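Understanding the architecture of this molecule
Okay, here's what each chain looks like letter by letter:
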Amino acid sequence: MEWHHALNLLLPEELLSFAGLILLLVAGWAGDRAARAITIASVLVLVVCGVLVAPELGGGGTGPQTAVFYGQYRADAFAAFAKLLIYAAAAACLIVAPAFFDRFKAMRAEFPLLILFSTLGMDLMVSATDLIALYIGLELQSLAGYVLASFQRTDDRSSEAGLKYFVLGALASGILLFGASLVYGFTGTTSFAGIHTALAGHLSMGATFGIVFVLAGLAFKISAVPFHMWTPDVYEGAPTPVTTFFASAPKIAALALTTRVALDAFGAQAAAWQQIVIFAALASIIVGALGAIGQSNIKRLLAYSSINNVGFILIGLACATAQGTSAMLVYMAIYVAMTIGGFVAVLMLRNADDEQVEAIADLAGLSRTRPLLAAALATVMFSLAGIPPLFGFWGKFVVFQAAVQAHLVALAAVGIAASVIGAFYYIKVVKIMYFDAPVDRVVGRSDGVHWALLGATALIMSPLGYLLTIWLHDLAGGAAASLFHFV
Amino acid sequence: MAGLPILSLMLLVPFVGAIACLVVEAQAARRIALVATLIDLVLGVVLWLNYDIGGPQWQFTERLPLFAGFSWALGIDGIALVLILLSVFLMPICIGASWRAIETRVGEYMASFLLMETLMLGVFAAQDLFLFYIFFEGGLIPMYLIIGIWGGKDRIYASYKFFLYTLLGSVLMLIAMLWMANEAGTTDIPTLMAYDFPVSAQRLLWLAFFASFAVKMPMWPVHTWLPDAHVQAPTAGSVILAGVLLKMGGYGFIRFSLPMFPQASAEFAWLIFGLSMVAVVYTSLVALVQHDMKKLIAYSSVAHMAIVTAGLFAFNRQGLEGAMIVMLSHGVVSGALFLTVGLIYDRLHTREIDRYGGLSINMPYYALFFMLFTMASVGLPGTSGFIGEFLSLTGVYQLSSWVALVCTTGIILGAGYMLYLYRRVAFGDLKHADAAAMPDLSWREWAMMLPLGLSVLWIGVYPESFIAPIRQDVAALDARLAQARPQGDSRLTPGKAAPARALALRGGAR
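The rules we used
Residues numbered from 1 in each chain as written. Chains lettered and ligands numbered in written order. Predicted model: local features only at pLDDT ≥ 70, side-chain atom pairs only at ≥ 80, totals over all residues. Helix = DSSP H or I, 4+ residues; strand = E, 2+ residues; numbered from the N terminus. Rg over C-alpha atoms; globule rule 2.2 N^0.38 Å. Buried ≥ 20, exposed ≤ 12 C-beta atoms within 10 Å, placed from the backbone. Contact = placed C-beta atoms within 7 Å. Nonpolar A, V, L, I, M, F, W, Y, C, P; charged D, E, K, R; others polar. Expected span 1.5 Å × (residues − 1). pLDDT = per-residue confidence, 0-100. Axes fitted to C-alpha atoms, helices over the stretch in contact; angles between N-to-C directions. Parallel < 35°, antiparallel > 145°, perpendicular 65-115°, else oblique. Left-handed = near helix turned anticlockwise from the far one by under 90°. Pairing = 2+ DSSP bridges.

Notes on the overall build of chain A
Helix and strand counts for chain A come out as 20 helices and 2 strands. Its C-alpha radius of gyration of 21 Å places chain A within 12% of the 23 Å reference for a compact globule of 487 residues. The principal-axis extents of the C-alpha atoms in chain A amount to approximately 65 × 60 × 40 Å. Looking at the 487 residues of chain A, the share that counts as buried comes to 62%. If you take every contact in chain A between residues at least 6 apart in sequence, the share linking residues at least 24 apart comes to 80%.

Here you go:
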């Protein structure tokens, strides 16, 4: 009975593993000729996973029956919300990848498989309620990620990105493990619920160190300042579809994981980590904004923008309240749409030789040569800057609302004032596309799939997105409530 | 009439027009924009005719719980009505002014303008705190594009300055709004207007709102984006900037700062007065030495808006009503002045004052209109400028005779720079051959100038049409402010005027 229940809850993960293994065999048998077919199959698998996970968002995703394997794993509404976002991001990345790699004859069958296994790792991350399970999920995701970053193996930048990502990622994993071992040493358990109980009351110095190291390791994964250095290099070097993936899915997974660790495992000592999160949030907002100003490569710019956005999401975490968590989830959902929209637009920027255009200066006058594409990119930029009436504003709105409700008015005021710095470079891109004379660098055509993805994300970012707010609010509220089961 | 969501309709028409403009070619975009703005003008007049003066404070209310955390709540009182009328009145004129002047990317231009209209009307009609914010802030995007794409030489610098200044001002307001919604438990503006926030919190909230409205207004010393934006914006952009966008600051003070934080408003009145006095004198002097006509009018706008802020914080009915009328009058007059500059700019492509001269000889009708608007700007009795300035200065005088004295110098200086401008442009000899060759007003320009000229005279001769709808709302605001009204220094004692009949009797006995 117990096993039956557990296997039922784990259906999406089971499907991902089996599908991954079977497709791996197919890939081994058929070779790269089957790459496209495997990609399509992988997207279908992700869609089915999404369908499987969706019911947990409702009433089924809360309460003690969501915990299985002796408290190591929890399939609650919170995990379901994050998983849906992850599946959407991974599927979008798979959809845009073939067109990109085909031009280098580099579309190999491993690509969709790596994405699938990485997604499996992320599923484990967002559902893990035990330090061991957490680490397994994190490594599964990261290892696939390292390979993905260097996927374009003939390209120096891509290899360099993969190597950097690997070395720094290994370091972060080490820090995380060190922190986890300290936490285990001072609490005597690896389960989040056990740690929560053991940490209540007086906080020993060793446990404090454990908390700090665990959070530092996780801060690397979400690329929060001061552990953000790798982000621009890896985002620039990695093939653009992979960057799309990095900026969306693993980030969501790592943020969800951080939230669960902070609120569940360390929930009894919120005061101990709140100041760390507040610092990381403000530093990310400011460094992300200042760093982006000097960038001339659009991918690097979006990398800094993602650091900036992580800062805003962390403000929701700093609240340590259910509203804050709900706000984070809403922000993440909007962030996924903005990121995918942004990178898909970047992927559509091709020059006459069908190469990617990445220099921001080459976008000059895009509004006259490619008005629709420019309008979509401008929508992304204004939305990222959080200018109403675009929907990006709503993410910032809910996060700051949660901060004000948690009496962190000063944090909210500083954070929002710093967002004006960010607006500077976002409107710079718009300026180059709309105000400058055309240079006619971007002339390549894009296929319908890209347009469909871009159109869908642009529709979400448009003012029509506000019609989703009630729905998003309910789902995220339910998800956040399921995380606060211990209260 | 009751069932028709007329305010939503007014927001929808330009919005749909904006989308339509994006997909059609230039001439069709012009026509669509004109038709959409004219429909809104008609709807605005319908709104005016159906507005029940003396009826409930909030009319034409709509409320749809469409969103989480806030709702689609619209509704207007007299103050909003007057400003909505101003917006819908100026919009078709702006479209007309851009008919020939804008040659490139017409569809996008018209779309930006129509979007702008939707957002402006939304600001005045919103009854929900966050809906207001979204409209208020959303105006940045179309205005940024209008200045940046179709502006003059330094348009990029001006557009950045405009965007970042106003954004920084407004984000602090957002935090204050979030706090207020949390404290009061509602986002409904009419409810919040009657909510008594703790006095200690009022100060911070007031400052946060001040940061936003002072930039939009614009008050000295955060006015510097305005001359840059004006000079670089196309004519219609300037008209809408001066005519309506600046009014958002004043509207913000009258809708939020004063009724929601009366005690803090009284405490900070000295700040407002101080900045207003500096602005009146300083920007008037700056205007006096400008070579660029648009810049001159831009600085004069700052000076006029300073009289608005002084009048608003006079804490009495004359001041409030006067400030409203100055806003209305300034909207029409400065819009008209920018248009008169635009007309000769279209002909000669320069705004240097020295390049003109003697235009009353070859363009007599043009000079006539220019004269009318110059006089209205100076505040000549019989024009709209006089009514508003007189009322607001009367209001200010009751509170502080010194402030009134300093602000009145603005009228004198205003006469100085405006008449000086007029003399250099319209009088004297025709020095330049190209200026002498300029033709007088075309029928299209007549169609723009005539309504503006008539409305200047209308407000000047019979302001009751515009004061009547706001009277009740100003009285309500005045009553709300009574708890915090500071003591004035003029020590006015109501005189015991002899009854008219007694006077008549005395006259008869003599």
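Looking at the overall build of chain B
The helix and strand tally for chain B stands at 23 helices and 2 strands. On C-alpha atoms alone, chain B measures out to a radius of gyration of 23 Å, which is about the 24 Å that the 2.2 N^0.38 rule sets for 510 residues. By the burial criterion, 59% of the 510 residues in chain B qualify as buried.

Some details on the interface of chain B and chain A
Taken residue by residue, the interface counts 27 residues in chain B and 26 residues in chain A. Ranked by residue count, the leading element in the side of chain B that touches chain A is helix α7 (residues 155–184) of chain B, at 13 residues. Considered class by class, the residues forming the side of chain B that touches chain A number 21 nonpolar, 4 polar and 2 charged.

Notes on helix α21 (residues 443–461) of chain B
Residues separated by three or four positions in an α-helix point in the same direction, a consequence of the helix having 3.6 residues per turn. Residue and element names in this part refer to chain B. Here α21 contains 19 residues, and its C-alpha end-to-end distance of 26 Å stays within 8% of the 27 Å for a straight helix at 1.5 Å per residue. Buried within α21 we find E445, M448, M449, L452, S455, V456, I459 and G460. Against α3 (78–101), α15 (317–348), α17 (364–378), α18 (384–399) and α22 (464–481) lie the buried residues of α21.

Re unusual backbone geometry
At the junction of V225 of chain A and P226 of chain A, the peptide bond is cis and its omega measures out at 10° in the coordinates. Within the element layout of this structure, P226 of chain A appears in the loop between α9 (205–221) and α10 (230–237). Backbone torsion omega between M217 of chain B and P218 of chain B reads -15°, so that peptide bond is classified as cis. Tracing the sequence through the fold places P218 of chain B in the loop between α9 (199–216) and α10 (225–232). The residue H407 of chain A is not glycine, and still its phi comes out positive at about 65°. Assignment of secondary structure puts H407 of chain A in the loop between α17 (392–405) and α18 (409–434). Residue H407 of chain A is classed as exposed on the basis of its C-beta count, with 12 C-beta atoms lying within 10 Å.

What about the confidence of the model for chain A?
Low pLDDT means the predicted atomic positions in that stretch should not be read closely. Looking at chain A, the pLDDT average stands at 89 and 99% of residues meet or exceed 70. Mean pLDDT across the elements of chain A ranges from a minimum in strand β1 (residues 67–68) of chain A, with 81, to a maximum in helix α5 (residues 110–127) of chain A, with 93.

Focus: the packing of helix α16 (residues 371–385) of chain A against α18 of chain A
All names here are of chain A. Across the interface, α16 lies against α18 with an axial gap of 8 Å and an inter-helix angle of 170°. One element, α16, and the other, α18, form an angle in the roughly antiparallel class. Considering only the axes of α16 and α18, their crossing is left-handed. Listed contacts from α18 to A374, L377, A378, M381, F382, L384 and A385 of α16 are G422, A423, Y426, I427, V429, V430, M433 and Y434. Considered class by class, the residues forming the contact of α16 with α18 number 14 nonpolar, 1 polar and no charged.

Observations concerning the pairing of strand β2 (residues 72–76) of chain B
Looking along a regular strand, one sees side chains alternate from face to face of the sheet. All names here are of chain B. In terms of burial, β2 is largely enclosed, as 4 of its 5 residues are buried. Of the strand pairs in this sheet, strand β1 (residues 59–64) and β2 are connected by 4 bridges, and their pairing is antiparallel. Residue Q59 lies in a different strand from β2, and its bridge partner there is I76.

Here's the deal with the packing of α15 of chain B against α18 of chain B
All names here are of chain B. Following both chains from N to C, one finds α15 and α18 inclined at 150°, their axes separated by 7 Å at the closest point. Classified by the angle their axes make, α15 and α18 are roughly antiparallel. Regarding α15 and α18, the two cross each other, and that crossing is left-handed. In this structure, α15 contributes Q318, G319, E321, G322, A323, I325, V326, S329, V332 and V333 to the contact, and α18 contributes S384, G385, I387, G388, E389, L391, S392, T394, G395 and V396. Looking at the contact of α15 with α18, its residues break down into 8 nonpolar, 10 polar and 2 charged.

Quick word on the environment of V214 of chain A
Residues and elements named next belong to chain A. Tracing the sequence through the fold places V214 in helix α9. Given 27 C-beta atoms within 10 Å, V214 falls into the buried group. C-alpha of V214 to C-alpha of Y135: the two residues are 79 residues apart in sequence and 11 Å apart in space. Every residue in contact with V214, bar those within four places of it in the chain, is listed here: L176, G179, A180, V183 and V261.

Some remarks on helix α14 (residues 293–312) of chain B
Here α14 of chain B spans 29 Å end to end across 20 residues, near enough to the 28 Å set by a 1.5 Å rise per residue. The element α14 of chain B is largely enclosed, with a buried count of 19 among its 20 residues.

Things to note about the environment of L15 of chain A
All names here are of chain A. The topology assignment puts L15 in helix α2 (residues 11–30). Separated by 151 residues in sequence, L15 and F166 have C-alpha atoms that sit 28 Å apart. Ignoring anything within four residues of it in the chain, the contact list for L15 reads V45, V48, C49 and L52.

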